[in-house]
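Coordinate inspection notes
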Amino acid sequence: GVLTVTLADVENRNALGAEILNGLHDAMESANADSSVRAIVVTNEGTTFCAGANLKEMSGAARRVRPTLGFEELLGEIQRSPTPIIAKIKGHVVGGGNGLAAACDIAIAQDDVKFGFTEVRLGVAPAIISVVCLPKMRRGDALEAFLRGNRFSAARAAEFGLISRAVPAAQLDAAVDEVLADLRLGGPEALGAAKRLVYAVPELEQDEAFAWAADLSQQLFKGKEAAAGMRAFLKREKPPWAPDPK
């Protein structure tokens, strides 16, 4: 029930060129249309998770493949996807890669990788990714990271709120598997609703938020998934969407 998407343009340090953007878009579209997919894991080959923008393509130094959608659209699509998206980070994260990591619902990184908002050292700024990074960061942390352009540890990235946590490399698989095991116990529709709450409620005024959330809650409680879940709970059984422990 897990779709794993591996960034594998090692030669370009998994930079966000058209092929990677299209691949991520296609994977999410496929997962969202398949009820058997309970979660998406985004991971990498090579020593870099994602190096941000593909400067070769942007400079015209490489053959251009037309992207299905732009980076900003992809980040929005990740957060709107009803399927939980987990980043399993096994390499360094630079520039726009921070946005990809921050846009994912849960991100776990090896503690030996480095992060960095290096845009200012190229004469630009982390503009697009600020939309998904800033809601997770304190203003002081963002100012330090954006202005210095230096590299910092995965542990520091977790302190900034960019990722959920950093773990030793030997524990990365187990940490992600633990998250996936928990996700399999949640109702598929309920998981999608939980994501919507996190992204939608902070953008609403309090009265509007209560009204919107109450309406969503009523819809969920009236649904077939909730009926099956509550019936299983009262009978002390596993709900129908949970995997057989055997």
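Residues numbered from 1 in each chain as written. Predicted model: local features only at pLDDT ≥ 70, side-chain atom pairs only at ≥ 80, totals over all residues. Heavy atoms only, no water.

As a further point, take the sheet that holds strand E8 (residues 151-153). Working definition: the strands of a sheet are paired by backbone hydrogen bonds and lie parallel or antiparallel to each other. Pairing is mixed in the open sheet, where four strands are placed in the order E3-E5-E7-E8. On the outer flanks of this sheet lie strand E3 (48-50) and E8, each paired with one strand and no other. Sheet twist, expressed as the mean angle between neighbouring strand axes with direction ignored, is 25°. As defined by bridge partners, E3 adjoins strand E5 (residues 92-94) across two bridges and the pair is classed as parallel. Within E5, the position partnered with Thr48 by the bridge is His92. (Pairing = 2+ DSSP bridges. Helix = DSSP H or I, 4+ residues; strand = E, 2+ residues; numbered from the N terminus. Axes fitted to C-alpha atoms, helices over the stretch in contact; angles between N-to-C directions.)

Bringing the nonpolar core into the picture now. Buried together is how nonpolar side chains tend to be arranged in soluble globular proteins. Ranked by size, the top nonpolar core spans 46 residues in total, and within it Phe49, Ile89, Phe115, Phe117, Met137, Leu162 and Ile163 carry the most contacts. A per-element tally of this core places helix H1 (residues 18-32) first, with six residues. Ignoring sequence-local partners within four residues, the contact set of Ile163 consists of Ile89, Ala101, Ala107, Ala109, Phe115, Ala154, Ala157 and Ala158. Ranked by size, the runner-up nonpolar core spans twelve residues in total, among them Ile86, Val167, Leu172 and Leu183. (Core = buried A, V, L, I, M, F, W, Y, C linked by side-chain atoms within 4.5 Å. Buried < 20%, exposed > 50% of the residue type's maximum accessible area, 1.4 Å probe, protein only. Contact = heavy atoms within 4.5 Å.)

On to helix H8 (residues 172-183), then. Taking 1.5 Å per residue as the helical rise, H8 with its twelve residues ought to reach 16 Å, and the 17 Å between its terminal C-alpha atoms agrees with that figure. All buried positions along H8 are accounted for by Leu172, Ala175, Val176, Val179, Leu180 and Leu183. One side of H8 carries all its buried residues, which in axial view fall inside an arc of 135°. Residues of H8 that are exposed and point over 90 degrees away from its buried face: Ala174, Glu178 and Asp182. Where H8 is buried, its residues contact strand E1 (2-7), strand E2 (39-44), strand E4 (85-89), strand E6 (106-110), strand E9 (165-167) and helix H9 (188-200). (Expected span 1.5 Å × (residues − 1). Arc of directions from axis to C-beta.)

Moving on, we get to the environment of Gly97. Take Gly97: it is sitting in helix H4 (residues 96-103). With a relative accessible area of 0%, Gly97 lands in the buried category. Separated by 26 residues in sequence, Gly97 and Gly123 have C-alpha atoms that sit 17 Å apart. When residues no more than four places from it in sequence are discounted, the contact partners of Gly97 are Phe49, Cys50 and Gly52.

Now for the pattern of salt bridges. In the structure shown here, the tally under the stated rule is seven salt bridges. Residue Lys195 pairs with Asp105 through a salt bridge whose shortest N-O separation is 3.0 Å. Note that Lys195 is positioned in helix H9 and Asp105 in the loop between H4 and E6, a separation of 90 residues in sequence. Classification of Lys195 as buried rests on a relative accessible area of 8%. A salt bridge links Arg148 to Glu144; its shortest N-O distance comes to 2.9 Å. Pair noted here: Arg148 and Glu144 are both in helix H6 (residues 139-148), with a separation of four residues, about one helical turn. Of the residues examined, Arg148 reaches a relative accessible area of 46% and is grouped as partly exposed. One salt-bridge network, in which partners are shared between bridges, spans Arg138, Asp141, Glu144, Arg148, Arg156 and Glu159. (Salt bridge = Lys/Arg side-chain N within 4 Å of Asp/Glu carboxyl O.)

What follows is about the sheet that holds E6. The five strands are arranged E1-E2-E4-E6-E9 in an open sheet whose pairing can be described as parallel. Strands with a single pairing partner mark the edges of an open sheet, and in this sheet they are E1 and E9. Neighbouring strand axes in the sheet, compared pairwise and without regard to direction, differ in orientation by 20° on average. In the sheet, E1 pairs with E2 via six bridges, with the strands oriented parallel. Across the sheet, Val2 pairs through a bridge with Ala39, a residue of E2. Across the face of the sheet, H1 comes into contact with E1, E2 and E4 while running at roughly 180° to E1.

This next bit is on the packing of aromatic side chains. Tallied over the entire structure, the rule returns four aromatic pairs. Between Phe115 and Phe152 the ring centres are 6.3 Å apart and the planes differ by 15°, which places this aromatic pair in the stacked class. On the criterion of sequence distance, the pair formed by Phe115 in strand E7 (residues 114-116) and Phe152 in strand E8 is long-range, its members being 37 residues apart. Both rings, one in Phe117 and one in Phe146, keep their centres 4.8 Å apart while their planes meet at 55°; by these two values the pair is tilted. Taken as a pair, Phe117 in the loop between E7 and helix H5 (127-133) and Phe146 in helix H6 lie far apart in primary sequence, 29 residues in all. Given the relative accessible area of 0%, Phe117 is considered buried. For Phe146, a relative accessible area of 14% gives the class buried. Three or more aromatic residues link up through ring pairs in this structure, and these residues are Phe115, Phe117, Phe146, Phe152 and Phe160. (Phe/Tyr/Trp six-rings, centres within 6.5 Å; stacked < 30°, edge-to-face > 60°.)

Spatial relationships are all this shows, so hold off on functional conclusions.
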